[in-house]
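# Per-entry structural report
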Amino acid sequence: MDGFVAWLESTTLSRAIVESRVIWPTCEIIHFIGLTLVIGIAGFFDLRLMGFMKRVPVSAARDLMPLAIAGFLLNLTTGMTFFIGKPHQYVGNVAWWAKMFFLLLAGLNAMFFETTVGARTLNLGAGDDTPRAAKIVGAVSLVSWLGVLYWGRMLPYVGSAF
Amino acid sequence: MTGFAAWLQGSAVGVWTRESPSIWAYPTVLTLHTVGLGILVGANAVIDFCLLGFAPRLPIASLAPLYRFMWAGFAMNAITGVMLFASDATTKAAQPVFYIKLTLIGLALVTTAMIRTTVTRATALPSADASRASRITRLATLSLVLWAAAITAGRLMAYL
(Lines give C-alpha, C1' and ligand atoms only; values in the text may rest on other atoms or scores of the structure.)
Protein backbone atom coordinates (compact mmCIF):
# COMPACT_ATOMS: atom_id res chain seq x y z
CA MET A 1 0.00 0.00 0.00
CA ASP A 2 2.85 2.39 0.89
CA GLY A 3 4.46 1.71 -2.47
CA PHE A 4 1.23 2.41 -4.30
CA VAL A 5 0.74 5.66 -2.36
CA ALA A 6 4.31 6.76 -3.09
CA TRP A 7 3.92 5.93 -6.80
CA LEU A 8 0.57 7.73 -7.04
CA GLU A 9 1.98 10.84 -5.37
CA SER A 10 4.88 10.88 -7.81
CA THR A 11 2.57 11.03 -10.84
CA THR A 12 2.16 14.24 -12.81
CA LEU A 13 -1.59 14.20 -12.24
CA SER A 14 -1.23 13.98 -8.45
CA ARG A 15 1.27 16.84 -8.40
CA ALA A 16 -0.92 18.97 -10.63
CA ILE A 17 -3.89 18.47 -8.28
CA VAL A 18 -1.92 19.42 -5.17
CA GLU A 19 -0.02 22.32 -6.73
CA SER A 20 -3.08 23.98 -8.24
CA ARG A 21 -4.78 26.54 -6.01
CA VAL A 22 -8.04 26.12 -7.93
CA ILE A 23 -8.58 22.38 -8.46
CA TRP A 24 -9.07 21.31 -4.82
CA PRO A 25 -11.57 24.04 -3.80
CA THR A 26 -13.48 23.62 -7.08
CA CYS A 27 -13.73 19.88 -6.54
CA GLU A 28 -14.91 20.49 -2.94
CA ILE A 29 -17.71 22.74 -4.23
CA ILE A 30 -18.78 20.16 -6.83
CA HIS A 31 -18.51 17.37 -4.21
CA PHE A 32 -20.99 19.22 -1.96
CA ILE A 33 -23.41 19.96 -4.81
CA GLY A 34 -23.21 16.28 -5.82
CA LEU A 35 -23.94 15.19 -2.27
CA THR A 36 -27.16 17.22 -2.16
CA LEU A 37 -28.31 15.42 -5.32
CA VAL A 38 -27.54 12.01 -3.83
CA ILE A 39 -29.05 12.75 -0.39
CA GLY A 40 -32.01 14.68 -1.84
CA ILE A 41 -33.02 12.51 -4.79
CA ALA A 42 -32.00 9.07 -3.50
CA GLY A 43 -33.17 9.97 0.01
CA PHE A 44 -36.58 10.98 -1.37
CA PHE A 45 -36.92 7.64 -3.16
CA ASP A 46 -35.71 5.78 -0.04
CA LEU A 47 -38.35 7.51 2.10
CA ARG A 48 -41.08 6.52 -0.36
CA LEU A 49 -39.81 2.93 -0.34
CA MET A 50 -39.93 3.03 3.47
CA GLY A 51 -43.60 3.97 3.27
CA PHE A 52 -43.49 7.73 3.78
CA MET A 53 -45.15 10.22 1.40
CA LYS A 54 -47.60 7.62 0.08
CA ARG A 55 -49.26 10.11 -2.27
CA VAL A 56 -46.11 9.87 -4.40
CA PRO A 57 -46.33 7.12 -7.08
CA VAL A 58 -43.22 4.92 -6.64
CA SER A 59 -42.64 4.52 -10.37
CA ALA A 60 -42.82 8.29 -10.93
CA ALA A 61 -40.38 8.97 -8.05
CA ARG A 62 -37.97 6.60 -9.74
CA ASP A 63 -37.90 8.84 -12.82
CA LEU A 64 -35.69 11.27 -10.84
CA MET A 65 -33.05 8.61 -10.09
CA PRO A 66 -30.80 9.54 -13.06
CA LEU A 67 -30.19 12.82 -11.22
CA ALA A 68 -29.02 10.95 -8.12
CA ILE A 69 -26.72 8.89 -10.36
CA ALA A 70 -25.44 12.13 -11.93
CA GLY A 71 -24.71 13.47 -8.43
CA PHE A 72 -22.92 10.24 -7.56
CA LEU A 73 -20.78 10.43 -10.70
CA LEU A 74 -19.83 14.03 -9.86
CA ASN A 75 -18.75 12.84 -6.41
CA LEU A 76 -16.95 9.78 -7.72
CA THR A 77 -14.92 11.98 -10.08
CA THR A 78 -14.14 14.70 -7.54
CA GLY A 79 -13.55 12.11 -4.80
CA MET A 80 -11.02 10.32 -7.00
CA THR A 81 -9.36 13.67 -7.63
CA PHE A 82 -8.90 14.12 -3.86
CA PHE A 83 -7.56 10.59 -3.55
CA ILE A 84 -5.10 10.93 -6.42
CA GLY A 85 -3.95 14.28 -5.00
CA LYS A 86 -3.30 13.14 -1.44
CA PRO A 87 -3.64 9.33 -1.16
CA HIS A 88 -1.62 9.19 2.08
CA GLN A 89 -4.35 11.28 3.70
CA TYR A 90 -6.93 8.58 3.06
CA VAL A 91 -5.43 5.07 3.08
CA GLY A 92 -4.31 5.38 6.70
CA ASN A 93 -7.50 7.07 7.83
CA VAL A 94 -10.11 4.89 9.54
CA ALA A 95 -12.83 7.41 8.58
CA TRP A 96 -12.04 6.86 4.89
CA TRP A 97 -12.37 3.09 5.24
CA ALA A 98 -15.66 3.58 7.09
CA LYS A 99 -16.81 5.82 4.23
CA MET A 100 -15.81 3.16 1.68
CA PHE A 101 -17.66 0.52 3.73
CA PHE A 102 -20.91 2.51 3.61
CA LEU A 103 -20.35 3.25 -0.09
CA LEU A 104 -20.00 -0.49 -0.76
CA LEU A 105 -23.08 -1.20 1.37
CA ALA A 106 -25.10 1.40 -0.57
CA GLY A 107 -23.94 -0.11 -3.87
CA LEU A 108 -24.68 -3.73 -2.90
CA ASN A 109 -28.04 -2.67 -1.49
CA ALA A 110 -28.94 -0.91 -4.76
CA MET A 111 -27.85 -3.99 -6.76
CA PHE A 112 -29.98 -6.19 -4.50
CA PHE A 113 -32.95 -3.87 -5.07
CA GLU A 114 -32.53 -3.81 -8.84
CA THR A 115 -32.25 -7.59 -9.14
CA THR A 116 -34.96 -8.59 -6.66
CA VAL A 117 -37.70 -6.43 -5.05
CA GLY A 118 -37.21 -3.50 -7.44
CA ALA A 119 -39.43 -5.01 -10.12
CA ARG A 120 -42.29 -5.46 -7.63
CA THR A 121 -42.29 -1.75 -6.75
CA LEU A 122 -42.36 -0.41 -10.31
CA ASN A 123 -46.12 -0.61 -10.68
CA LEU A 124 -46.92 0.90 -7.29
CA GLY A 125 -48.96 4.06 -7.63
CA ALA A 126 -50.13 6.79 -5.27
CA GLY A 127 -51.40 5.41 -1.95
CA ASP A 128 -49.92 1.92 -2.47
CA ASP A 129 -47.90 0.39 0.35
CA THR A 130 -44.46 -1.04 -0.44
CA PRO A 131 -43.42 -4.65 0.32
CA ARG A 132 -41.51 -5.18 3.56
CA ALA A 133 -38.31 -6.01 1.64
CA ALA A 134 -38.53 -2.64 -0.15
CA LYS A 135 -38.91 -0.86 3.19
CA ILE A 136 -35.75 -2.53 4.47
CA VAL A 137 -33.86 -1.67 1.26
CA GLY A 138 -34.98 1.97 1.57
CA ALA A 139 -33.85 2.18 5.20
CA VAL A 140 -30.48 0.53 4.46
CA SER A 141 -29.94 2.91 1.53
CA LEU A 142 -30.75 6.01 3.61
CA VAL A 143 -28.50 4.90 6.48
CA SER A 144 -25.70 4.01 4.02
CA TRP A 145 -25.71 7.37 2.26
CA LEU A 146 -25.87 9.26 5.55
CA GLY A 147 -22.97 7.05 6.68
CA VAL A 148 -20.98 8.00 3.58
CA LEU A 149 -21.66 11.69 4.28
CA TYR A 150 -20.89 11.37 8.02
CA TRP A 151 -17.55 9.62 7.57
CA GLY A 152 -16.61 11.88 4.68
CA ARG A 153 -17.14 14.93 6.85
CA MET A 154 -15.22 13.23 9.69
CA LEU A 155 -12.14 12.60 7.50
CA PRO A 156 -10.17 15.59 8.88
CA TYR A 157 -11.03 14.82 12.50
CA VAL A 158 -10.63 11.05 12.84
CA GLY A 159 -7.44 9.12 12.29
CA SER A 160 -4.68 11.02 10.52
CA ALA A 161 -5.38 14.73 10.39
CA PHE A 162 -5.34 16.79 7.21
CA MET B 1 -20.46 44.05 14.23
CA THR B 2 -16.90 43.61 15.49
CA GLY B 3 -18.05 44.03 19.09
CA PHE B 4 -20.89 41.56 18.62
CA ALA B 5 -18.58 39.06 16.91
CA ALA B 6 -16.04 39.31 19.73
CA TRP B 7 -18.78 38.84 22.33
CA LEU B 8 -20.20 35.81 20.48
CA GLN B 9 -16.76 34.27 20.10
CA GLY B 10 -16.17 34.60 23.85
CA SER B 11 -19.61 33.25 24.77
CA ALA B 12 -20.07 29.75 26.18
CA VAL B 13 -21.32 28.44 22.82
CA GLY B 14 -18.40 29.95 20.94
CA VAL B 15 -15.81 28.62 23.38
CA TRP B 16 -17.32 25.12 23.52
CA THR B 17 -17.65 24.73 19.75
CA ARG B 18 -14.10 25.96 19.19
CA GLU B 19 -12.16 24.57 22.12
CA SER B 20 -13.82 21.36 23.28
CA PRO B 21 -11.60 18.42 22.27
CA SER B 22 -14.73 16.27 22.08
CA ILE B 23 -15.67 14.71 18.73
CA TRP B 24 -19.21 15.91 19.57
CA ALA B 25 -18.16 19.55 19.44
CA TYR B 26 -16.82 21.15 16.23
CA PRO B 27 -16.64 17.98 14.04
CA THR B 28 -20.19 16.90 14.85
CA VAL B 29 -21.64 20.42 14.54
CA LEU B 30 -19.95 20.74 11.13
CA THR B 31 -21.22 17.31 10.05
CA LEU B 32 -24.80 18.17 11.11
CA HIS B 33 -24.47 21.39 9.08
CA THR B 34 -23.66 19.24 6.02
CA VAL B 35 -26.53 16.80 6.72
CA GLY B 36 -28.94 19.74 7.10
CA LEU B 37 -27.66 21.19 3.83
CA GLY B 38 -28.23 17.86 2.10
CA ILE B 39 -31.82 17.68 3.42
CA LEU B 40 -32.72 21.34 2.73
CA VAL B 41 -31.14 21.71 -0.70
CA GLY B 42 -31.81 18.09 -1.67
CA ALA B 43 -35.55 18.37 -0.98
CA ASN B 44 -35.55 21.67 -2.87
CA ALA B 45 -33.85 19.94 -5.81
CA VAL B 46 -36.54 17.22 -5.92
CA ILE B 47 -39.27 19.88 -6.31
CA ASP B 48 -37.27 22.06 -8.71
CA PHE B 49 -36.35 19.19 -11.06
CA CYS B 50 -39.94 17.96 -10.94
CA LEU B 51 -41.15 21.45 -11.94
CA LEU B 52 -38.58 21.43 -14.76
CA GLY B 53 -40.14 18.30 -16.19
CA PHE B 54 -37.59 15.66 -15.16
CA ALA B 55 -40.37 13.42 -13.80
CA PRO B 56 -43.53 14.18 -15.81
CA ARG B 57 -45.53 11.43 -14.09
CA LEU B 58 -44.78 12.81 -10.62
CA PRO B 59 -47.69 14.97 -9.35
CA ILE B 60 -46.18 18.13 -7.90
CA ALA B 61 -48.85 18.37 -5.18
CA SER B 62 -47.74 14.98 -3.80
CA LEU B 63 -44.37 16.53 -2.94
CA ALA B 64 -45.86 18.90 -0.33
CA PRO B 65 -44.54 16.78 2.62
CA LEU B 66 -41.00 17.65 1.48
CA TYR B 67 -41.49 21.14 2.94
CA ARG B 68 -41.46 19.60 6.42
CA PHE B 69 -38.05 18.11 5.63
CA MET B 70 -36.85 21.47 4.31
CA TRP B 71 -37.89 23.17 7.54
CA ALA B 72 -36.10 20.50 9.59
CA GLY B 73 -32.97 20.93 7.46
CA PHE B 74 -33.18 24.69 7.69
CA ALA B 75 -33.65 24.61 11.48
CA MET B 76 -30.65 22.26 11.82
CA ASN B 77 -28.50 24.58 9.74
CA ALA B 78 -29.65 27.77 11.42
CA ILE B 79 -28.66 26.31 14.82
CA THR B 80 -25.40 24.66 13.71
CA GLY B 81 -24.63 27.71 11.54
CA VAL B 82 -24.82 30.05 14.55
CA MET B 83 -22.58 27.66 16.50
CA LEU B 84 -19.99 27.46 13.70
CA PHE B 85 -20.08 31.25 13.31
CA ALA B 86 -19.69 31.70 17.07
CA SER B 87 -16.62 29.44 17.10
CA ASP B 88 -14.68 31.91 14.94
CA ALA B 89 -16.94 34.95 14.71
CA THR B 90 -14.34 37.72 14.35
CA THR B 91 -12.71 35.98 11.35
CA LYS B 92 -15.97 35.03 9.65
CA ALA B 93 -17.56 38.45 10.25
CA ALA B 94 -14.65 39.97 8.33
CA GLN B 95 -15.12 37.66 5.32
CA PRO B 96 -17.10 39.24 2.43
CA VAL B 97 -18.01 35.75 1.19
CA PHE B 98 -19.87 35.12 4.47
CA TYR B 99 -22.26 38.01 3.73
CA ILE B 100 -22.59 36.83 0.13
CA LYS B 101 -23.55 33.40 1.48
CA LEU B 102 -26.21 34.86 3.82
CA THR B 103 -27.63 37.00 0.99
CA LEU B 104 -27.80 33.99 -1.33
CA ILE B 105 -29.56 31.93 1.36
CA GLY B 106 -32.06 34.76 1.88
CA LEU B 107 -32.79 35.00 -1.85
CA ALA B 108 -32.99 31.21 -2.16
CA LEU B 109 -35.50 31.03 0.72
CA VAL B 110 -37.67 33.70 -0.91
CA THR B 111 -37.59 31.71 -4.17
CA THR B 112 -38.45 28.51 -2.31
CA ALA B 113 -41.40 30.28 -0.64
CA MET B 114 -42.62 31.56 -4.01
CA ILE B 115 -42.38 28.05 -5.48
CA ARG B 116 -44.27 26.65 -2.49
CA THR B 117 -47.20 28.97 -3.21
CA THR B 118 -47.22 27.46 -6.70
CA VAL B 119 -46.91 23.88 -5.44
CA THR B 120 -49.74 24.12 -2.91
CA ARG B 121 -52.01 25.67 -5.54
CA ALA B 122 -51.03 23.15 -8.17
CA THR B 123 -53.88 20.65 -7.71
CA ALA B 124 -54.97 21.46 -11.26
CA LEU B 125 -51.96 22.91 -13.03
CA PRO B 126 -53.27 24.80 -16.07
CA SER B 127 -50.73 23.69 -18.63
CA ALA B 128 -52.45 25.87 -21.19
CA ASP B 129 -51.36 28.95 -19.23
CA ALA B 130 -48.01 29.47 -20.98
CA SER B 131 -46.93 32.53 -19.00
CA ARG B 132 -47.53 30.72 -15.70
CA ALA B 133 -45.58 27.69 -16.94
CA SER B 134 -42.61 29.82 -17.97
CA ARG B 135 -42.73 31.62 -14.60
CA ILE B 136 -42.54 28.24 -12.84
CA THR B 137 -39.61 27.19 -15.03
CA ARG B 138 -37.78 30.43 -14.23
CA LEU B 139 -38.42 30.08 -10.48
CA ALA B 140 -37.26 26.45 -10.40
CA THR B 141 -34.09 27.28 -12.33
CA LEU B 142 -33.44 30.30 -10.09
CA SER B 143 -33.91 28.12 -6.99
CA LEU B 144 -31.35 25.54 -8.20
CA VAL B 145 -28.85 28.27 -9.12
CA LEU B 146 -29.25 30.17 -5.83
CA TRP B 147 -28.90 27.07 -3.62
CA ALA B 148 -25.87 25.88 -5.59
CA ALA B 149 -24.38 29.38 -5.26
CA ALA B 150 -25.06 29.37 -1.49
CA ILE B 151 -23.21 26.03 -1.19
CA THR B 152 -20.36 27.45 -3.27
CA ALA B 153 -20.09 30.53 -1.04
CA GLY B 154 -20.17 28.34 2.07
CA ARG B 155 -17.37 26.13 0.76
CA LEU B 156 -15.33 29.17 -0.26
CA MET B 157 -15.40 30.40 3.35
CA ALA B 158 -12.80 27.70 4.03
CA TYR B 159 -10.52 28.90 1.24
CA LEU B 160 -10.81 32.70 0.95
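Since the structure is predicted, the reported quantities are computational estimates derived from the model, not experimental observations.

Rules of the game
- Residues numbered from 1 in each chain as written.
- Chains lettered and ligands numbered in written order.
- Predicted model: local features only at pLDDT ≥ 70, side-chain atom pairs only at ≥ 80, totals over all residues.
- Helix = DSSP H or I, 4+ residues; strand = E, 2+ residues; numbered from the N terminus.
- Contact = placed C-beta atoms within 7 Å.
- Nonpolar A, V, L, I, M, F, W, Y, C, P; charged D, E, K, R; others polar.
- Core = buried A, V, L, I, M, F, W, Y, C linked by C-beta atoms within 7 Å.
- Buried ≥ 20, exposed ≤ 12 C-beta atoms within 10 Å, placed from the backbone.
- Axes fitted to C-alpha atoms, helices over the stretch in contact; angles between N-to-C directions.
- Parallel < 35°, antiparallel > 145°, perpendicular 65-115°, else oblique.

Outside of glycine, negative phi angles account for most residues, and trans bonds account for most peptide bonds. A positive phi angle is found at A:M53, which is not glycine, with a value near 50°. Summarising the element assignment, A:M53 is placed in the loop between α3 (23-49) and α4 (58-62).

Attention now moves to the interface of chain A and chain B. Contact with chain A, which involves 30 residues of that partner, is made by 27 residues of chain B. Residue assignment for the side of chain A that touches chain B shows that the elements contributing at least two residues are α3, α4 and α9 (132-154) of chain A. Take the side of chain A that touches chain B: its biggest share by element is 13 residues, from α3(A). Of the residues in the side of chain A that touches chain B, the class split is 22 nonpolar, four polar and four charged.

What tends to happen in soluble globular proteins is that the nonpolar side chains get buried as a cluster. Counting 67 residues, the largest nonpolar core has A:V38, A:I41 and B:V46 as the members making the most contacts within it. In terms of residue count, α3(A) provides more of this core than any other element does, 14 residues in total. Leave out the neighbours within four places in its chain, and A:V38 touches A:A68, A:G71, A:F72, A:N75 and A:W145. Counting seven residues, the second-largest nonpolar core is a separate cluster that includes B:Y26, B:V29, B:M83 and B:F85.

Here we come to the packing of helix α2 (residues 12-19) of chain B against helix α4 (residues 66-87) of chain B. Residue and element names in this part refer to chain B. In contact at an axis separation of 7 Å, α2 and α4 are set at 80° when each is read in the N-to-C sense. In this view, α2 runs roughly perpendicular relative to α4, as classed from their interaxial angle. Each of V13, G14, T17 and R18 in α2 lies in contact with α4, whose residues at this interface are M83, L84, A86 and S87. Looking at the contact of α2 with α4 residue by residue, the class counts come to four nonpolar, three polar and one charged.

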